[in-house]
Amino acid sequence: MRVLLHTGKGGVGKTTLSLATALGAARFGHRVFVLSTDAAHSLGDALGRSVGAAPVEITANVVAQEVSALEELDRSWSDIQSWLRELLRDETNEMLAEELLVFPGLEELMALRAIREVEATGDFDVCVVDCAPTGSTLRMLRFPDALRIFMEHLFEWEKKGVRLLRPIMRHLGSDRLLPREEFFDAFERLYRDVEDVRQILLDSDRTSARLVVNPARIVVAEARRSFAYLSLYGVGTDAVLVNRLLPGSASSGYFARWAEREREELHEIEESFPVPILAAPLERVEPIGVDALRGLADRLFGERDPAGFYSRVRPIRLRKRAHRTVMEIELPGASKEEVDVILAGAELHIRVRDARRRIALPASIEGREIESVRLTEGVLELLFSP
Ligand SMILES: Nc1ncnc2c1ncn2[C@@H]1O[C@H](COP(=O)(O)OP(=O)(O)O)[C@@H](O)[C@H]1O
Ligand SMILES: [Mg+2]
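What you see is a predicted model, and the numbers here were worked out from it, not measured in a lab. (Residues numbered from 1 in each chain as written. Chains lettered and ligands numbered in written order. Predicted model: local features only at pLDDT ≥ 70, side-chain atom pairs only at ≥ 80, totals over all residues. Heavy atoms only, no water.)

A. Examining the packing of aromatic side chains more closely. Tallying each qualifying case throughout the model produces 4 aromatic pairs. Measuring from centroid to centroid gives 5.6 Å for Phe227 and Phe273, while their planes differ by 45 degrees, and the two rings are tilted. A residue pair is termed long-range when its members are at least 10 positions apart, and Phe227 in helix α11 (residues 217-232) and Phe273 in the loop between α12 (256-272) and β8 (277-281) qualify at 46 residues. Take Phe227 and Phe273: they sit in the same class, and that class is buried. Note on Phe301 and Tyr310: the rings are 6.2 Å apart at their centroids and 40 degrees apart in plane angle, and the pair reads as tilted. Across the pair, Tyr310 and Phe301 agree in class, each one buried. The ring of Phe309 is capped by Arg2, whose NZ or CZ atom sits 3.6 Å from the centre of that ring. (Phe/Tyr/Trp six-rings, centres within 6.5 Å; stacked < 30°, edge-to-face > 60°. Helix = DSSP H or I, 4+ residues; strand = E, 2+ residues; numbered from the N terminus. Buried < 20%, exposed > 50% of the residue type's maximum accessible area, 1.4 Å probe, protein only. Lys NZ or Arg CZ within 6 Å of the ring centre and 35° of its normal.)

If you want it as C-alpha coordinates, here you go:
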(Lines give C-alpha, C1' and ligand atoms only; values in the text may rest on other atoms or scores of the structure.)
(Ligands and ions follow the chains in the order given, each with its own letter.)
Protein backbone atom coordinates (compact mmCIF):
# COMPACT_ATOMS: atom_id res chain seq x y z
CA MET A 1 0.00 0.00 0.00
CA ARG A 2 1.35 3.40 -1.00
CA VAL A 3 1.55 5.86 1.91
CA LEU A 4 1.63 9.63 1.30
CA LEU A 5 2.29 11.93 4.24
CA HIS A 6 1.39 15.60 3.89
CA THR A 7 3.13 18.01 6.16
CA GLY A 8 3.90 21.72 6.34
CA LYS A 9 3.10 24.78 8.40
CA GLY A 10 -0.40 25.44 9.70
CA GLY A 11 -2.74 26.90 7.10
CA VAL A 12 -0.66 26.23 3.98
CA GLY A 13 -3.20 23.78 2.58
CA LYS A 14 -2.25 20.32 3.89
CA THR A 15 -5.83 19.21 4.38
CA THR A 16 -6.98 20.62 1.05
CA LEU A 17 -4.15 19.05 -0.93
CA SER A 18 -4.40 15.72 0.93
CA LEU A 19 -8.00 15.46 -0.17
CA ALA A 20 -7.24 16.65 -3.69
CA THR A 21 -4.51 13.99 -3.88
CA ALA A 22 -6.88 11.30 -2.64
CA LEU A 23 -9.65 12.23 -5.06
CA GLY A 24 -7.21 12.56 -7.92
CA ALA A 25 -5.68 9.16 -7.14
CA ALA A 26 -9.11 7.53 -7.09
CA ARG A 27 -9.57 8.70 -10.68
CA PHE A 28 -6.58 6.56 -11.57
CA GLY A 29 -8.44 3.57 -10.26
CA HIS A 30 -6.79 3.40 -6.84
CA ARG A 31 -8.80 2.54 -3.77
CA VAL A 32 -7.88 5.35 -1.42
CA PHE A 33 -8.08 5.90 2.31
CA VAL A 34 -7.52 9.46 3.61
CA LEU A 35 -6.80 9.89 7.26
CA SER A 36 -6.10 12.96 9.27
CA THR A 37 -3.89 12.76 12.34
CA ASP A 38 -3.91 16.50 12.98
CA ALA A 39 -5.69 17.07 16.27
CA ALA A 40 -7.33 20.08 14.61
CA HIS A 41 -9.24 17.90 12.19
CA SER A 42 -10.68 19.58 9.16
CA LEU A 43 -11.27 16.93 6.52
CA GLY A 44 -14.95 17.57 7.19
CA ASP A 45 -14.59 21.33 6.66
CA ALA A 46 -12.78 20.87 3.36
CA LEU A 47 -15.32 18.33 2.17
CA GLY A 48 -18.33 20.31 3.32
CA ARG A 49 -19.71 17.30 5.16
CA SER A 50 -18.96 15.62 8.42
CA VAL A 51 -16.18 13.07 8.76
CA GLY A 52 -15.62 11.50 12.12
CA ALA A 53 -13.54 9.00 14.04
CA ALA A 54 -15.17 6.17 12.08
CA PRO A 55 -14.30 5.68 8.38
CA VAL A 56 -16.86 7.13 5.93
CA GLU A 57 -17.02 6.76 2.17
CA ILE A 58 -16.93 10.20 0.62
CA THR A 59 -17.16 9.10 -3.00
CA ALA A 60 -16.58 5.88 -4.92
CA ASN A 61 -13.24 4.41 -3.83
CA VAL A 62 -12.41 7.13 -1.32
CA VAL A 63 -12.84 6.59 2.42
CA ALA A 64 -11.99 9.23 5.02
CA GLN A 65 -11.37 9.16 8.75
CA GLU A 66 -10.29 11.66 11.40
CA VAL A 67 -8.22 9.64 13.82
CA SER A 68 -8.51 10.65 17.41
CA ALA A 69 -5.07 10.32 18.90
CA LEU A 70 -6.36 10.45 22.42
CA GLU A 71 -8.77 7.63 21.84
CA GLU A 72 -5.94 5.72 20.28
CA LEU A 73 -3.74 6.08 23.32
CA ASP A 74 -4.02 3.28 25.81
CA ARG A 75 -5.81 4.37 28.90
CA SER A 76 -3.14 2.73 30.97
CA TRP A 77 -0.78 5.47 29.85
CA SER A 78 -1.74 7.81 32.60
CA ASP A 79 -0.79 5.08 35.09
CA ILE A 80 2.45 4.45 33.31
CA GLN A 81 3.23 8.12 33.35
CA SER A 82 2.82 8.44 37.09
CA TRP A 83 4.96 5.33 37.46
CA LEU A 84 7.64 6.85 35.32
CA ARG A 85 7.53 10.16 37.04
CA GLU A 86 8.48 8.52 40.29
CA LEU A 87 10.91 6.15 38.74
CA LEU A 88 12.75 8.84 36.89
CA ARG A 89 12.83 11.34 39.66
CA ASP A 90 16.40 10.73 40.56
CA GLU A 91 17.46 7.88 38.38
CA THR A 92 18.13 9.30 35.01
CA ASN A 93 18.96 12.30 33.01
CA GLU A 94 16.22 14.83 33.40
CA MET A 95 15.95 15.87 29.82
CA LEU A 96 15.15 12.38 28.74
CA ALA A 97 12.64 11.91 31.50
CA GLU A 98 10.87 15.08 30.54
CA GLU A 99 10.89 14.20 26.92
CA LEU A 100 9.24 10.89 27.61
CA LEU A 101 6.86 12.09 30.25
CA VAL A 102 5.17 14.63 28.07
CA PHE A 103 5.50 12.12 25.23
CA PRO A 104 5.96 14.73 22.56
CA GLY A 105 4.95 13.20 19.31
CA LEU A 106 3.50 10.10 20.88
CA GLU A 107 -0.07 11.08 20.18
CA GLU A 108 0.55 11.53 16.53
CA LEU A 109 2.58 8.39 16.35
CA MET A 110 -0.28 6.48 17.90
CA ALA A 111 -2.67 8.08 15.44
CA LEU A 112 -0.46 6.75 12.68
CA ARG A 113 -1.12 3.22 13.91
CA ALA A 114 -4.31 3.72 11.93
CA ILE A 115 -2.22 3.27 8.77
CA ARG A 116 -1.51 -0.27 9.89
CA GLU A 117 -5.19 -0.94 10.34
CA VAL A 118 -6.01 0.47 6.92
CA GLU A 119 -3.40 -1.79 5.42
CA ALA A 120 -4.64 -4.81 7.33
CA THR A 121 -8.07 -4.53 5.70
CA GLY A 122 -6.44 -5.27 2.35
CA ASP A 123 -9.05 -2.99 0.76
CA PHE A 124 -6.85 -0.03 -0.14
CA ASP A 125 -4.00 0.71 -2.54
CA VAL A 126 -3.20 4.17 -1.24
CA CYS A 127 -3.29 5.77 2.19
CA VAL A 128 -3.12 9.58 2.14
CA VAL A 129 -2.26 11.11 5.51
CA ASP A 130 -3.07 14.69 6.45
CA CYS A 131 -0.46 15.18 9.19
CA ALA A 132 -0.24 17.67 12.00
CA PRO A 133 1.83 20.81 11.35
CA THR A 134 5.50 20.13 10.77
CA GLY A 135 6.77 20.69 14.29
CA SER A 136 4.60 17.98 15.67
CA THR A 137 5.44 15.57 12.89
CA LEU A 138 9.12 16.03 13.55
CA ARG A 139 8.70 15.43 17.26
CA MET A 140 6.89 12.29 16.33
CA LEU A 141 9.81 11.09 14.26
CA ARG A 142 12.18 11.76 17.12
CA PHE A 143 10.14 9.76 19.55
CA PRO A 144 11.37 6.28 18.61
CA ASP A 145 14.96 7.36 19.28
CA ALA A 146 14.03 8.74 22.68
CA LEU A 147 12.08 5.62 23.44
CA ARG A 148 14.94 3.38 22.46
CA ILE A 149 17.34 5.21 24.74
CA PHE A 150 14.82 5.01 27.49
CA MET A 151 14.25 1.29 26.96
CA GLU A 152 17.96 0.69 27.32
CA HIS A 153 17.84 2.41 30.69
CA LEU A 154 14.73 0.56 31.61
CA PHE A 155 16.25 -2.81 30.97
CA GLU A 156 19.28 -1.87 32.98
CA TRP A 157 17.00 -0.94 35.83
CA GLU A 158 15.17 -4.18 35.36
CA LYS A 159 18.38 -6.04 35.95
CA LYS A 160 19.11 -4.10 39.07
CA GLY A 161 15.39 -3.79 39.48
CA VAL A 162 14.66 -5.14 42.88
CA ARG A 163 16.96 -2.76 44.64
CA LEU A 164 15.79 0.19 42.70
CA LEU A 165 12.08 -0.27 42.43
CA ARG A 166 11.14 -1.45 45.87
CA PRO A 167 11.80 1.74 47.73
CA ILE A 168 9.77 3.63 45.19
CA MET A 169 6.88 1.27 45.53
CA ARG A 170 6.98 1.66 49.29
CA HIS A 171 7.18 5.36 48.94
CA LEU A 172 4.18 5.59 46.69
CA GLY A 173 2.00 3.02 48.27
CA SER A 174 1.41 0.03 46.04
CA ASP A 175 -2.21 0.91 45.30
CA ARG A 176 -1.08 3.69 43.01
CA LEU A 177 1.19 1.47 41.02
CA LEU A 178 0.59 -1.05 38.36
CA PRO A 179 2.01 -4.46 39.04
CA ARG A 180 5.54 -4.63 37.65
CA GLU A 181 4.63 -7.15 35.00
CA GLU A 182 1.82 -5.05 33.64
CA PHE A 183 4.02 -2.05 33.52
CA PHE A 184 6.66 -3.81 31.48
CA ASP A 185 4.06 -5.44 29.24
CA ALA A 186 2.44 -2.11 28.52
CA PHE A 187 5.80 -0.63 27.76
CA GLU A 188 6.68 -3.40 25.40
CA ARG A 189 3.36 -3.01 23.60
CA LEU A 190 4.09 0.64 23.11
CA TYR A 191 7.56 -0.15 21.88
CA ARG A 192 6.21 -2.62 19.33
CA ASP A 193 3.57 -0.17 18.11
CA VAL A 194 6.13 2.55 17.74
CA GLU A 195 8.42 0.19 15.85
CA ASP A 196 5.61 -0.86 13.52
CA VAL A 197 4.76 2.71 12.68
CA ARG A 198 8.41 3.54 12.23
CA GLN A 199 8.80 0.65 9.80
CA ILE A 200 5.99 2.08 7.68
CA LEU A 201 7.37 5.61 7.79
CA LEU A 202 10.86 4.53 6.84
CA ASP A 203 9.89 2.13 4.08
CA SER A 204 10.96 4.12 1.05
CA ASP A 205 9.42 1.56 -1.30
CA ARG A 206 5.96 2.65 -0.32
CA THR A 207 6.10 5.76 1.86
CA SER A 208 7.04 9.31 1.00
CA ALA A 209 6.34 12.73 2.40
CA ARG A 210 4.98 15.68 0.45
CA LEU A 211 5.89 19.07 1.80
CA VAL A 212 3.16 21.62 1.32
CA VAL A 213 4.34 25.23 1.07
CA ASN A 214 3.09 28.63 0.03
CA PRO A 215 5.28 30.84 -2.11
CA ALA A 216 6.27 33.04 0.83
CA ARG A 217 9.73 33.48 2.28
CA ILE A 218 9.31 32.21 5.83
CA VAL A 219 7.24 29.26 4.76
CA VAL A 220 9.92 28.17 2.32
CA ALA A 221 12.68 28.63 4.88
CA GLU A 222 10.84 26.36 7.25
CA ALA A 223 10.10 23.84 4.55
CA ARG A 224 13.80 23.58 3.80
CA ARG A 225 14.49 22.73 7.43
CA SER A 226 11.65 20.24 7.45
CA PHE A 227 13.01 18.52 4.38
CA ALA A 228 16.38 18.10 6.09
CA TYR A 229 14.81 16.86 9.33
CA LEU A 230 12.56 14.37 7.59
CA SER A 231 15.56 13.12 5.73
CA LEU A 232 17.65 12.89 8.89
CA TYR A 233 14.97 10.68 10.42
CA GLY A 234 14.90 8.56 7.29
CA VAL A 235 11.67 9.75 5.66
CA GLY A 236 12.04 10.59 2.00
CA THR A 237 10.21 13.53 0.44
CA ASP A 238 9.24 12.84 -3.16
CA ALA A 239 7.69 16.20 -4.07
CA VAL A 240 7.10 19.71 -2.83
CA LEU A 241 3.58 21.02 -3.38
CA VAL A 242 3.42 24.79 -3.78
CA ASN A 243 -0.08 25.92 -2.98
CA ARG A 244 -2.01 29.13 -3.72
CA LEU A 245 0.05 30.55 -6.55
CA LEU A 246 -1.44 33.73 -7.97
CA PRO A 247 -2.76 33.16 -11.49
CA GLY A 248 -0.92 34.56 -14.53
CA SER A 249 -3.56 37.26 -14.89
CA ALA A 250 -2.21 38.83 -11.69
CA SER A 251 1.04 39.80 -13.39
CA SER A 252 -0.39 43.22 -14.10
CA GLY A 253 -2.64 45.41 -11.99
CA TYR A 254 -3.04 45.52 -8.25
CA PHE A 255 -1.41 42.15 -7.53
CA ALA A 256 1.50 42.61 -9.92
CA ARG A 257 4.05 43.14 -7.17
CA TRP A 258 2.78 40.09 -5.26
CA ALA A 259 2.92 37.98 -8.38
CA GLU A 260 6.50 39.06 -9.00
CA ARG A 261 7.55 38.19 -5.45
CA GLU A 262 5.92 34.81 -5.85
CA ARG A 263 7.81 34.12 -9.04
CA GLU A 264 11.04 34.86 -7.22
CA GLU A 265 9.97 32.63 -4.36
CA LEU A 266 9.01 29.85 -6.74
CA HIS A 267 12.39 30.09 -8.37
CA GLU A 268 14.00 29.86 -4.93
CA ILE A 269 11.87 26.79 -4.16
CA GLU A 270 12.98 25.12 -7.38
CA GLU A 271 16.59 25.72 -6.40
CA SER A 272 16.14 24.57 -2.81
CA PHE A 273 14.73 21.09 -3.12
CA PRO A 274 16.21 18.13 -4.96
CA VAL A 275 12.72 16.85 -5.91
CA PRO A 276 9.99 17.86 -8.37
CA ILE A 277 7.93 20.93 -7.51
CA LEU A 278 4.20 20.82 -8.27
CA ALA A 279 2.09 23.94 -8.10
CA ALA A 280 -1.58 24.56 -7.36
CA PRO A 281 -3.15 27.94 -8.14
CA LEU A 282 -5.00 30.15 -5.74
CA GLU A 283 -8.58 29.18 -6.54
CA ARG A 284 -11.30 31.78 -7.08
CA VAL A 285 -13.13 30.54 -4.00
CA GLU A 286 -12.20 28.16 -1.21
CA PRO A 287 -11.99 24.69 -2.76
CA ILE A 288 -14.62 22.95 -0.66
CA GLY A 289 -16.37 19.77 -1.64
CA VAL A 290 -15.49 16.82 -3.86
CA ASP A 291 -15.89 18.59 -7.21
CA ALA A 292 -13.80 21.62 -6.28
CA LEU A 293 -11.08 19.41 -4.82
CA ARG A 294 -11.01 17.23 -7.93
CA GLY A 295 -10.58 20.35 -10.02
CA LEU A 296 -7.68 21.40 -7.84
CA ALA A 297 -6.13 17.94 -8.20
CA ASP A 298 -6.28 18.32 -12.00
CA ARG A 299 -4.49 21.62 -11.82
CA LEU A 300 -1.90 20.26 -9.42
CA PHE A 301 -1.11 16.92 -11.02
CA GLY A 302 -2.23 17.36 -14.62
CA GLU A 303 -2.02 13.98 -16.34
CA ARG A 304 0.10 12.40 -13.61
CA ASP A 305 -1.05 9.86 -11.08
CA PRO A 306 -1.07 11.65 -7.71
CA ALA A 307 -0.11 8.39 -6.00
CA GLY A 308 3.03 7.91 -8.06
CA PHE A 309 6.57 8.40 -6.80
CA TYR A 310 7.83 11.73 -8.11
CA SER A 311 11.33 11.12 -6.95
CA ARG A 312 13.15 8.05 -5.65
CA VAL A 313 15.90 9.53 -3.55
CA ARG A 314 16.65 7.53 -0.42
CA PRO A 315 17.24 10.01 2.37
CA ILE A 316 19.96 7.90 4.02
CA ARG A 317 22.01 5.56 1.88
CA LEU A 318 25.21 3.57 1.91
CA ARG A 319 27.55 3.34 -1.05
CA LYS A 320 30.81 1.62 -1.76
CA ARG A 321 33.69 3.73 -2.98
CA ALA A 322 37.20 2.35 -3.42
CA HIS A 323 36.84 -0.33 -0.70
CA ARG A 324 35.30 2.16 1.67
CA THR A 325 31.74 2.69 2.73
CA VAL A 326 30.18 6.10 2.31
CA MET A 327 27.03 7.06 4.16
CA GLU A 328 25.07 9.85 2.51
CA ILE A 329 22.26 11.83 4.08
CA GLU A 330 20.18 14.35 2.12
CA LEU A 331 20.26 17.63 4.05
CA PRO A 332 19.35 20.35 1.56
CA GLY A 333 19.81 23.83 2.93
CA ALA A 334 21.94 22.77 5.90
CA SER A 335 25.28 24.48 6.44
CA LYS A 336 28.47 23.01 7.96
CA GLU A 337 28.06 24.97 11.19
CA GLU A 338 24.66 23.42 11.74
CA VAL A 339 25.77 19.81 11.52
CA ASP A 340 27.60 17.74 14.14
CA VAL A 341 28.57 14.11 13.80
CA ILE A 342 29.86 11.92 16.61
CA LEU A 343 30.61 8.23 16.39
CA ALA A 344 29.66 6.53 19.65
CA GLY A 345 30.28 2.80 19.57
CA ALA A 346 27.83 1.20 17.18
CA GLU A 347 25.83 4.39 16.85
CA LEU A 348 26.15 7.56 14.93
CA HIS A 349 24.93 10.67 16.72
CA ILE A 350 23.96 13.39 14.30
CA ARG A 351 22.74 16.85 15.08
CA VAL A 352 21.27 19.19 12.50
CA ARG A 353 20.39 22.49 14.19
CA ASP A 354 18.10 21.49 17.04
CA ALA A 355 17.28 18.03 15.70
CA ARG A 356 19.22 15.06 17.01
CA ARG A 357 19.27 11.57 15.71
CA ARG A 358 20.96 8.35 16.80
CA ILE A 359 21.47 6.01 13.88
CA ALA A 360 22.40 2.42 14.60
CA LEU A 361 25.18 1.48 12.19
CA PRO A 362 24.75 -1.62 10.06
CA ALA A 363 26.98 -4.51 11.09
CA SER A 364 29.09 -4.08 7.96
CA ILE A 365 30.53 -0.78 9.17
CA GLU A 366 30.31 -1.24 12.90
CA GLY A 367 33.65 -0.57 14.56
CA ARG A 368 35.01 1.46 11.63
CA GLU A 369 36.39 4.94 12.00
CA ILE A 370 35.01 7.95 10.23
CA GLU A 371 37.78 9.22 7.96
CA SER A 372 36.04 12.31 6.72
CA VAL A 373 32.82 14.26 6.93
CA ARG A 374 31.75 16.50 4.07
CA LEU A 375 28.71 18.52 3.23
CA THR A 376 28.45 19.16 -0.46
CA GLU A 377 25.39 20.46 -2.27
CA GLY A 378 23.04 19.52 0.50
CA VAL A 379 24.37 16.00 0.93
CA LEU A 380 26.23 14.99 4.09
CA GLU A 381 28.90 12.45 3.26
CA LEU A 382 30.55 10.27 5.90
CA LEU A 383 33.48 8.22 4.71
CA PHE A 384 34.18 5.13 6.85
CA SER A 385 37.58 3.54 7.04
CA PRO A 386 38.02 0.19 5.26
N1 LIG B 1 -5.36 26.48 -3.69
C2 LIG B 1 -6.21 27.11 -2.86
N3 LIG B 1 -6.96 28.15 -3.30
C4 LIG B 1 -7.79 28.81 -2.46
N5 LIG B 1 -7.98 28.50 -1.17
C6 LIG B 1 -7.26 27.48 -0.67
C7 LIG B 1 -6.35 26.73 -1.49
N8 LIG B 1 -5.79 25.76 -0.71
C9 LIG B 1 -6.32 25.89 0.52
N10 LIG B 1 -7.21 26.92 0.55
C11 LIG B 1 -7.97 27.37 1.73
O12 LIG B 1 -7.05 27.79 2.73
C13 LIG B 1 -7.49 27.43 4.03
C14 LIG B 1 -6.45 26.56 4.73
O15 LIG B 1 -6.31 25.34 4.04
P16 LIG B 1 -6.12 23.95 4.79
O17 LIG B 1 -6.07 22.89 3.76
O18 LIG B 1 -7.15 23.79 5.85
O19 LIG B 1 -4.69 24.18 5.45
P20 LIG B 1 -3.92 23.28 6.54
O21 LIG B 1 -4.56 21.93 6.56
O22 LIG B 1 -2.50 23.26 6.08
O23 LIG B 1 -4.07 24.00 7.84
C24 LIG B 1 -8.82 26.74 3.82
O25 LIG B 1 -9.83 27.67 4.00
C26 LIG B 1 -8.77 26.28 2.37
O27 LIG B 1 -10.05 26.17 1.80
MG1 LIG C 1 -5.46 20.91 8.17
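This is not the end of the story, as more comes after the structure.
B. Molecular detail of the site of ligand 1. Contacts to ligand 1 come from 16 residues, most closely from Lys14, Thr15, Thr16, Arg244 and Glu286. At a separation of 2.8 Å, an oxygen atom of ligand 1 approaches a polar backbone atom of Lys14. Taking Glu286, its side chain carries an N or O atom lying 2.2 Å from an oxygen atom of ligand 1. Here ligand 1 loses 81% of its free accessible area of 560 Å² to cover by the protein chains. Counting only elements with at least two residues in the shell around ligand 1, the list comes to α1 (14-27) and β7 (237-245). No other element matches the 3 residues that α1 contributes to the shell around ligand 1. (Near = heavy atom within 4 Å. Polar contact = N/O pair within 3.5 Å; in protein donor to acceptor, adjacent residues only side chain to side chain. Areas by Shrake-Rupley, 256 points an atom, 1.4 Å probe, with all protein chains shown as cover.)

C. Just the sheet that holds strand β11 (residues 339-344), in detail. Taken in spatial order, the 3 strands line up as β11-β12-β13 in an open sheet, and their pairing is antiparallel. In this open sheet, the two strands that pair with only one neighbour each are β11 and β13 (355-360). The sheet shows a mean angle of 15 degrees between the axes of neighbouring strands, taken without regard to direction. Pairing of β11 with strand β12 (residues 347-352) involves 6 bridges; the strand directions are antiparallel. Considered in β12, the bridge of Val339 is made with Val352. (Pairing = 2+ DSSP bridges. Axes fitted to C-alpha atoms, helices over the stretch in contact; angles between N-to-C directions.)

D. Region of interest: the pattern of salt bridges. Per the counting criterion, the structure on display carries 26 salt bridges. Residues Arg299 and Glu283 are paired through a salt bridge, measuring 2.6 Å at the closest nitrogen-oxygen approach. Of this pair, Arg299 sits in helix α13 (residues 290-301) while Glu283 sits in the loop between β8 and α13; the two residues are 16 residues apart in sequence, bridging distant segments of the chain. Linking Arg324 and Glu371 is a salt bridge whose minimum nitrogen-to-oxygen distance equals 2.7 Å. Placement of the pair is Arg324 in strand β10 (residues 324-330) and Glu371 in strand β14 (residues 370-376), with a sequence separation of 47 residues. Arg324 sits in the partly exposed class, given a relative accessible area of 25%. Three or more residues are tied together by salt bridges with common partners; here these are Arg113, Arg116, Asp193 and Asp196. (Salt bridge = Lys/Arg side-chain N within 4 Å of Asp/Glu carboxyl O.)

E. View of the sheet that holds strand β4 (residues 62-66). Taken together, 8 strands build an open sheet; the order of strands is β3-β4-β2-β5-β1-β6-β7-β8 and the sheet is mixed. Edge strands, defined here as strands with exactly one partner in the open sheet, are β3 (56-59) and β8. Strand-to-strand twist of the sheet, defined as the mean angle between neighbouring strand axes without regard to direction, takes the value 25 degrees. Summarising the sheet, strand β6 (residues 207-213) and β7 pair through 5 bridges and their orientation is parallel. Bridging from a neighbouring strand, Arg210 pairs with Ala239 of β7. In the packing of α13 onto the sheet, contacts are made with β3, β6, β7 and β8, and the angle to β8 comes to roughly 140 degrees. (Contact = heavy atoms within 4.5 Å.)

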